[in-house]
Amino acid sequence: MNSVAEAIPAAEGLQPFLHDACVTLYAPSFAISHADGQFHSGADGFYHGDSRALARLTVEADGIGIAPVRGALEGADRASFRGVLRGLGEETADPAVTLRRRRRVTPGRLEETLELTNAGRQHVRVTLIVTAATDLALMERVKQGDTQPTLAATATDAGLDWARDTFSVTLTSAPRPAAVDAATGRLTYDVELAPGAEWTAVLGCDAAHEDGDQFPAPTARSVPWRTPVLRSADRRFDQWIDQSAADLDRLRLTDPVPADEGATTADFGRLTAPGRPADQFLAAGAPWFLTLFGRDSLWAARMLLPLGTGLAAGTLRTLARRQGVRTDQETEEQPGKILHEVRRAAQSFHDSFALPPSYYGTVDATPLWITLLHDSWRWGLAPEEVEELLPHAEAALGWIGDQSDAGGDGFLKYVDSTGRGLANQGWKDSGDAIRHRDGRLATSPIALCEVQAYAYEAARGGAALLRAFGRPGADRWEEWAERLRDRFRSRFWVEDERGPYPAVALDRDGRPVDSVTSGFGHLLGTGLLDHEESALLAARISGPGLDSGHGLRTLSSDSVGYNPYGYHIGSIWPHDTAIAVHGLVRAGFPDAAAPLAAGLLTASAGFDARLPELFAGHGAAIDPVPSPYPASCRPQAWAAASSVLVLQSALGLAADVPNGTLTVAPTFTEAYRPLKVEGFDVAGGRLDIAVDADGTAHIEAPAGLEVRREQLPSR
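The rules behind the values
Residues numbered from 1 in each chain as written. Predicted model: local features only at pLDDT ≥ 70, side-chain atom pairs only at ≥ 80, totals over all residues. Heavy atoms only, no water. Helix = DSSP H or I, 4+ residues; strand = E, 2+ residues; numbered from the N terminus. Rg over C-alpha atoms; globule rule 2.2 N^0.38 Å. Buried < 20%, exposed > 50% of the residue type's maximum accessible area, 1.4 Å probe, protein only. Contact = heavy atoms within 4.5 Å. Areas by Shrake-Rupley, 256 points an atom, 1.4 Å probe, with all protein chains shown as cover. Lys, Arg positive; Asp, Glu negative; His and termini not counted. Charge placed at Lys NZ, Arg CZ, Asp CG, Glu CD. Pairing = 2+ DSSP bridges. Phe/Tyr/Trp six-rings, centres within 6.5 Å; stacked < 30°, edge-to-face > 60°. Lys NZ or Arg CZ within 6 Å of the ring centre and 35° of its normal. Salt bridge = Lys/Arg side-chain N within 4 Å of Asp/Glu carboxyl O. Axes fitted to C-alpha atoms, helices over the stretch in contact; angles between N-to-C directions. Parallel < 35°, antiparallel > 145°, perpendicular 65-115°, else oblique. Left-handed = near helix turned anticlockwise from the far one by under 90°. Nonpolar A, V, L, I, M, F, W, Y, C, P; charged D, E, K, R; others polar. 1 Å grid on protein atoms, 1.4 Å probe; cavity = no way out; pocket = protein on both sides within 12 Å on 5 of 7 lines; lining within 4 Å. Points joined across faces, edges and corners; volume = space filled by probe spheres on them. Expected span 1.5 Å × (residues − 1). Arc of directions from axis to C-beta. Polar contact = N/O pair within 3.5 Å; in protein donor to acceptor, adjacent residues only side chain to side chain.

1. Description of the overall build of the chain
When its secondary structure is counted, the chain shows 13 helices and 34 strands. For 715 residues, the compact-globule estimate of 2.2 N^0.38 gives 27 Å, and the chain sits close to it at 26 Å. When its C-alpha atoms are laid out on the principal axes, the chain stretches across 80 × 60 × 55 Å. Here the chain, with 715 residues, has 60% of them falling under the buried criterion. Within the chain, contacts between residues at least 6 apart in sequence are counted, and of these 67% link residues at least 24 apart. Accessible surface, the chain: about 25600 Å² in total, of which carbon and sulfur atoms supply 49%. In the chain, the 67 positive side-chain charges and the 94 negative ones have mean positions that sit 2 Å from each other.

2. Re the sheet that holds strand 12 (residues 159-164)
The pairing of strands in a sheet happens through backbone hydrogen bonds and is either parallel or antiparallel. Pairing is antiparallel across the open sheet formed by 8 strands, whose spatial order is 6-7-8-9-16-13-12-11. What marks the edges here is a single partner per strand, and that holds for strand 6 (66-73) and strand 11 (154-155). Pairing geometry for strand 8 (residues 97-106) and strand 9 (residues 109-118), over 10 bridges, is antiparallel. Across the sheet, the residue bridging to Leu99 is Leu116, located in strand 9.

3. A few points about the packing of aromatic side chains
Using the criterion set out here, one finds 18 aromatic pairs in the structure. With 5.1 Å between their ring centres and 85 degrees between their planes, Phe215 and Phe281 make a pair best called edge-to-face. Placement of Phe215 in the loop between strand 16 (198-209) and strand 17 (229-231) and of Phe281 in strand 19 (residues 279-282) is noted, with a sequence separation of 66 residues between them. Looking at Phe215, the relative accessible area reads 5%, which means it is buried. With relative accessibility at 0%, the residue Phe281 sits in the buried group. Three or more aromatic residues joined by ring pairs form one cluster here, namely Trp427, Tyr567, Trp573, Tyr629 and Trp638. Over the ring of Phe411 we find Arg487; its NZ or CZ atom is 5.9 Å from the centre of that ring.

4. Here we look at unusual backbone geometry
Cis geometry marks the peptide bond from Ala27 to Pro28; its omega dihedral reads 10 degrees. Cis geometry is found at the peptide bond from Ala286 to Pro287, where omega equals 10 degrees. Turning to its location among the elements, Pro287 is positioned in the loop between strand 19 and helix 3 (294-303). A positive phi angle, close to 50 degrees, is found at Leu136, a residue other than glycine. Along the chain, Leu136 turns up in the loop between strand 10 (124-133) and helix 1 (139-143). Of note, the phi angle at Asp608 is positive, near 55 degrees, even though the residue is not glycine.

5. Some thoughts on the pattern of salt bridges
Under the counting rule described, the total for this entry stands at 53 salt bridges. Put simply, Asp77 and Arg78 hold a salt bridge, and the shortest N to O gap is 3.8 Å. Measuring nitrogen to oxygen at the nearest pair gives 2.4 Å for the salt bridge that ties Arg103 to Glu112. Each member of the pair, Arg103 together with Glu112, is buried. Look at the salt bridges and you will find they share partners, linking Asp255, Arg276, Asp279, Arg317, Arg321, Arg322, Glu385 and Glu388 into a network.

6. Quick look at the sheet that holds strand 34 (residues 706-709)
The strand order across the open sheet built from 3 strands is 29-30-34, with neighbouring strands paired in mixed fashion. Whereas interior strands pair on both sides, the edge strands pair on one side only; in this sheet they are strand 29 (654-656) and strand 34. Averaged over all pairs of adjacent strands, the angle between strand axes in this sheet comes to 20 degrees, irrespective of strand direction. Examined bridge by bridge, strand 29 and strand 30 (residues 661-664) share 3 bridges and lie antiparallel to one another. Residue pairing for strand 30: Ala654 is matched across the bridge by Thr663.

7. Considering the side chain of Asp234
Mapped onto the fold, Asp234 is located in the loop between strand 17 and helix 2 (235-250). A relative accessible area of 13% places Asp234 in the buried class. Once residues lying within four places of it in the same chain are set aside, the contact partners of Asp234 are Leu601, Ala671 and Tyr672.

8. With respect to the packing of helix 4 (residues 310-321) against helix 6 (residues 383-406)
Helix 6 packs onto helix 4 with a crossing angle of 30 degrees between their chain directions and a minimal axis gap of 11 Å. Classified by the angle between their axes, helix 4 and helix 6 sit roughly parallel to one another. As for how helix 4 packs across helix 6, the hand of that crossing is left-handed. Between helix 4 and helix 6, the residues in contact are Ala313, Leu316, Arg317 and Ala320 and Glu385, Glu388, Leu389 and His392, respectively. When its residues are assigned to classes, the contact of helix 4 with helix 6 shows 4 nonpolar, 1 polar and 3 charged.

9. Details of empty space enclosed by the protein
Counted under the stated rule, the structure contains 5 cavities of 30 Å³ or more. Size it by volume and the largest cavity reaches roughly 170 Å³. What lines the largest cavity is a set of 16 residues, among which Pro28, Gly49, Asp50, Leu290 and Thr291 lie closest to the centre.

10. Considerations on helix 5 (residues 365-378)
Between its terminal C-alpha atoms helix 5 stretches 20 Å, which fits the 20 Å expected from 14 residues at 1.5 Å a residue. In terms of burial, helix 5 is largely enclosed, as 14 of its 14 residues are buried. Following helix 5 by one or two positions, Gly380 adopts a phi angle in the positive range, close to 110 degrees.

11. Considerations on helix 10 (residues 531-542)
Taking 1.5 Å per residue, 12 residues should reach 16 Å; helix 10 reaches 16 Å between its end C-alpha atoms and fits that length. Among the residues of helix 10, Glu533, Ser534, Leu537, Ala538, Arg540 and Ile541 are the ones counted as buried. Buried residues of helix 10, viewed axially, fall in a sector of 165 degrees; they line one side. Where helix 10 is buried, its residues touch helix 8 (474-491), strand 25 (493-496), strand 26 (499-502), helix 9 (520-523), helix 11 (574-587) and helix 12 (590-606). The N-capping residue of helix 10, defined by a side-chain oxygen 3.2 Å from the backbone nitrogen of Glu532, is Asp530.

12. What to know about the layout of surface pockets
The gaps left among the atoms become clear once a water-sized probe is rolled over them. In this structure, the largest pocket encloses a volume near 1100 Å³. Along its surface, the largest pocket is lined by 41 residues, and Asp375, Gly525, His582, Arg586 and Ala654 are the ones closest to its centre. Looking at the lining of the largest pocket, the elements with two or more residues in it are helix 3, helix 5, helix 7 (449-468), helix 9, helix 11, helix 13 (637-651), strand 29 and strand 30. Ranked by residue count, the leading element in the lining of the largest pocket is helix 7, at 6 residues. Here the lining of the largest pocket is composed, by residue class, of 16 nonpolar, 15 polar and 10 charged.

In structure tokens:
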């Protein structure tokens, strides 16, 4: 038993593994344990607002072993764990006394209900010992695997208290323990159970920052989307949608309204209409990224547009309030730029890697913000809500234009100007992510292929918005996009023994970085490519080097440096594959999209319908069930939202509310028919779609929309 002077065990200096963890979540709080329910090592614990509130919470029976039997989620924010008190009250080989541990997480609170049940014929006595401890560690210290000393507790009649700086934690018990020992962190209970009797205790841990939550949880019933219900011939699809919906609900956070009623856009403008509820967005994922991330929150909101525009609107406004207005080398803020992430405090990982609380080191969030605004308008975001964001869209377009001009070649690129930030600033942001086919790392400044596609789509979408709302500049941005398209065609395309393909990037000297990557999927359907170019990429994506059978590898297995456990150099990211599925359908290649979607479904079943941030890229030919990436976030917003994007793609669903049309073009639904999905949302109206076994579609759409039923050609 550890004393208060001992440290929480961890693999010192190594990021903790999470692949066998049970994560219960209600942002901004979550709990991590293993299948036995105990908090005792590594990343285990209860967390609130980027701080660990409890690092240890174990339940033991004095002199009696508790054998874990089962531990499982019961939704997103609840879990249950069962164990057998071996030998206690037993007369046969059958267990007699069992412990059930029920966990529930709510914002700022962990509740653990302990239930001892005696199903035997003997009267039994047992001393139950709960041991609690904490290091109140910051999240970056936990992620780094740093061992932190536990803090001294203060005993109360019903439990224990801890505090440091502005963060305080209280653990209470009902009933009160027979004894509380602050030095060891022990709560002791003397339990007597007659045959058939049950004993219950409820432990509650409350955690709070003195200055409140940076991004508070929304109210339970304020979900800014319709929750879809899918019933199909493939139950794995249904379960993936159901679990994803539950996880996304608990990843919601709000942007608190500034106290200064007179604030301007430049000093955190409100973008709030009277009576409008607090804006909501999705935190990126638990445990490492449970906060606002520009890129992640934008992609997740975009993927969920078929469920309504409320989340997209909240995400757009939350990021617009923090849009760059000045040039600051330390934070990498620039006028018009959309940020990368927001934390309560600066993060210091080591001497060469430290991030400020508000960090702008991302090259793609700005074009993605514009595209989300455009797509939200197409899906029915109210014109007045679109119009109030147009000045921010113009500022974002200005940033894109300025950055493409700055390099002299017209491409959008990045370089870490601080020496302590992210070396790579696209979505593949690990330091070794962008490399040549022979394994050499690319040198900065770097122009990523997918970022040029995002910029092209943003310029076209921005032009459409400006023209529709009578603002100047539409022609300029359409012309800019076409020039970018021509430059991309002349500079990015390379060739190998299989033929032409776009390089993943251009390096500092303008040379193509010629590795074969999943970035192809992000180009498709954006308009940057013509049909013949898209066909070449569809064929590449379908090859075994990229298509693992469980989704797309981030780096082809044919490349030097390929590592199935590499964060961005061989692993599989569900959102990345879902983007490719959608891009293939938009580009007219549904037959190439179908196997990728099927691979994600197979993977989802291997992860109990809760797909992680990423998993290993070995592939179906080696592993029928994918292996986890041990330190992956799970749940993770864009991994969960990918389920909706795949469903949208299978149905060929697209909306153009300003022009009064809705397109339904079932593409690769054969394996899932008959299917029925209820709870899509277009312009605030409900949309239900059913597809019979023979492929006949039945659509109940909101009034005023012309439904176009199309069948995309197979290729």
